[in-house]
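Coordinates in review
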Amino acid sequence: QVQLVESGGGLVQPGGSLRLSCAASGFTLDYYAIGWFRQAPGKEREGVSCISSSDGSTYYADSVKGRFTISRDNAKNTVYLQMNSLKPEDTAVYYCAAQWNGSSWYDGTEYDYWGQGTQVTVSS
């Protein structure tokens, strides 16, 4: 059974950090580009970051560039999203997704598998 499971969300104060994990089962992450998306209440889902399957290239939305870092550990079949200097506007449900062969990292319709999401709340 193909499954992606996110973890690591929670409540954090502005300026704080969280590390999200995306663990895969039923398939090998090595061959997939892995993206992180988020959706805040009343807003559209947006692409946050992506790491490619081929050369490990990384991509970030302008809103998180310099604060978030995506990485992958193929041995653990897991992708991480390190989030630093968090802001209240980062509050959202964060999802990871796997893309086999797509042309756009930020277009969620090009992803094949999705996790169930993890809530991130940035508030004092």
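Topic: the sheet that holds strand β8 (residues 78-83)
Strand pairing in a sheet takes place through backbone hydrogen bonds and is either antiparallel or parallel in direction. An order of β1-β3-β8-β7 is seen for the four strands of this open sheet, with the pairing classed as antiparallel. Single-partner strands in this sheet number two, and they are β1 (3-7) and β7 (68-73). Neighbour-to-neighbour, the strand axes of the sheet open up by a mean angle of 15°, direction not taken into account.

A look at the pairing of strand β4 (residues 33-39)
Of all seven residues in β4, six are buried, a share of seventy percent or more. Across seven bridges, the pairing between β4 and strand β9 (residues 92-99) is antiparallel. What sits directly across from I34, in β9, is A98. Alignment of β4 against strand β5 (residues 46-51), held across five bridges, turns out to be antiparallel.

Cut-offs applied
Residues numbered from 1 in each chain as written. Predicted model: local features only at pLDDT ≥ 70, side-chain atom pairs only at ≥ 80, totals over all residues. Heavy atoms only, no water. Pairing = 2+ DSSP bridges. Helix = DSSP H or I, 4+ residues; strand = E, 2+ residues; numbered from the N terminus. Axes fitted to C-alpha atoms, helices over the stretch in contact; angles between N-to-C directions. Buried < 20%, exposed > 50% of the residue type's maximum accessible area, 1.4 Å probe, protein only.

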